[in-house]
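# Descriptive analysis of the structure
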Amino acid sequence: MRTALVVGTGLIGTSAALALTGRGVRVHLRDIDPERVRTATALGAGTDAEPEGRVDLAIVAVPPAHVARTLADVQRGGLARGCIDVASVKGGPRRELTELGGDLAGYLGSHPMSGKEQNGPLAATADLFEGRPWVLTPTADTDTEVLNLALELIALCGAVPVVMDADAHDRAVALVSHTPQLLSSMIAARLEAADETAVRLCGQGIRDVTRIAASDPAMWVEILSANPGPVADILADVATDLDEAVRALRALGSADEEKRGGGVAGIESVLRRGNSGRARVPGKHGQAPASYRTVAVLISDRPGELARIFADAGAVGVNIEDVRIEHATGQQAGHVQLMVEPGAASVLETALRERGWSLRQQ
């Protein structure tokens, strides 16, 4: 691939453009908002100059409601040898493109499974897709050249290709992306009118659950509008679980021993099913989930502290598999949780204590 056209310079489009530009591809940028194009250009994502001829691949990175029409315009203009989109829903845009008379042979639906709570070109990074799944939804009509261009794009972005049926993809993202966004927002909404004393007690649990609630509402209205049915189906199942959990909790407060026993069984069932589902979430590099030990270290809020911990771990040959930071309320300190292989935990604990770090028992 030598040339590409990115239509839509938000987080995904600009990140793809940065990755391609960094690999020597000449990228042309378009957006209905000229300020976004100027920003993306200033970041080094490409040029706002019009391509002199057909580019190899056009990447349509616009909201789902505008994907099909944008693709049709690109195809009618003969701007690219092949076209893909990167919207988070796949079935609807493809059916709409068919209705508009688009060329399905020259088009391939795709969805990089990566993002942030922030949007826009300033949030973009060239490594956004590295190691992440990138779904492709080819059909029997998809031209081999277009498929190869899409695979080359994914390779240049450092992502991992996953082939799926378009409607199966939409059901899958409803479960693993769209519904979690709504549930996170619903939990965070409980904090809106909460007493300030309660809010000050927020710990890592509520921070983890509500992190994605910081996402742009306008963007998510567009996404959910394109995939409402599957999301509603999953929320209906969650609502059933919630009703059962409420009944079980009410039973826990009953004076009747038999009812309390039923309540215990109901809550335990929810928690155990949660354990089982969580265990299926892929681990590092998409491999089977691994069981890690956590080493919790007290850390002050000073520059270089994290780097010092990592350096001390590296000095004794311990690889940090994952890391979380829990900030202490009202203090310039917190705990950093280092996830390591079980056999390495005692080695790391001993080394950190010898180097003056204070550890918290887990």
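Parameters at a glance
Residues numbered from 1 in each chain as written. Predicted model: local features only at pLDDT ≥ 70, side-chain atom pairs only at ≥ 80, totals over all residues. Heavy atoms only, no water. Helix = DSSP H or I, 4+ residues; strand = E, 2+ residues; numbered from the N terminus. Buried < 20%, exposed > 50% of the residue type's maximum accessible area, 1.4 Å probe, protein only. Contact = heavy atoms within 4.5 Å. Areas by Shrake-Rupley, 256 points an atom, 1.4 Å probe, with all protein chains shown as cover. Lys, Arg positive; Asp, Glu negative; His and termini not counted. Charge placed at Lys NZ, Arg CZ, Asp CG, Glu CD. Phe/Tyr/Trp six-rings, centres within 6.5 Å; stacked < 30°, edge-to-face > 60°. Polar contact = N/O pair within 3.5 Å; in protein donor to acceptor, adjacent residues only side chain to side chain. Pairing = 2+ DSSP bridges. Axes fitted to C-alpha atoms, helices over the stretch in contact; angles between N-to-C directions. Arc of directions from axis to C-beta. Core = buried A, V, L, I, M, F, W, Y, C linked by side-chain atoms within 4.5 Å.

Here we take up the overall build of the chain. When helices and strands are counted, the chain shows 13 helices and 11 strands. Considering only C-alpha atoms, the chain reaches an extent of 70 × 55 × 40 Å along its principal axes. When burial is assessed residue by residue, the chain has 38% of its 362 residues classed as buried. Sequence separation of 24 or more characterises 67% of the internal contacts of the chain that already satisfy a separation of 6 or more. When the accessible surface of the chain is totalled, it reaches about 19500 Å², and 53% of it is carbon and sulfur. Taken together, the 36 basic and 46 acidic charged side chains of the chain have centroids lying 4 Å from each other.

A few words now on the packing of aromatic side chains. Under the definition given, this model contains one aromatic pair. Ring geometry for F129 against W134: centres 5.0 Å apart, planes inclined by 50°, an arrangement best described as tilted.

Relative to the assigned elements, E321 resides in the loop between α12 (305–315) and β9 (322–327). Separated by 3.2 Å, the side chains of E321 and N319 make a polar contact.

Taken in spatial order, the seven strands make up an open sheet running β2-β1-β3-β4-β5-β6-β7, and their pairing is mixed. Looking at which strands have only one partner, the edges of the open sheet turn out to be β2 (26–30) and β7 (160–163). Taken over all neighbouring pairs, the strand axes of this sheet differ in orientation by 25° on average, direction set aside. The strands touched by helix α1 (residues 11–22) within the sheet are β1 (3–7), β2, β3 (55–60) and β5 (107–112), with β2 carrying the most contacts at an inclination of about 160°. Of the strands in this sheet, β1, β3, β4 (80–85) and β5 are in contact with helix α3 (residues 64–76), which crosses β4 at around 175°.

Before going further, it helps to examine helix α2 (residues 34–42). When we look at burial in α2, the residues that qualify are V37, T39 and A40. End-on view of α2: buried residues confined to an arc of 160°, all on one side of the axis. If you check the start of α2, you find a side-chain oxygen 3.0 Å away from the backbone N of E35, and it comes from D33. A positive phi of about 90° marks G44, the residue just after α2.

If you look at the biggest cluster of nonpolar residues, it comprises 36 residues, and the most contacted ones within it are L20, L29, I59, I84, F129, W134 and L153. Residue contributions to this core peak at seven residues, all from α1. Discounting residues that sit within four places of it in the chain, L29 has contacts with V6, T9, A17, V37, A40, T41, A45, G46, T47 and D48.

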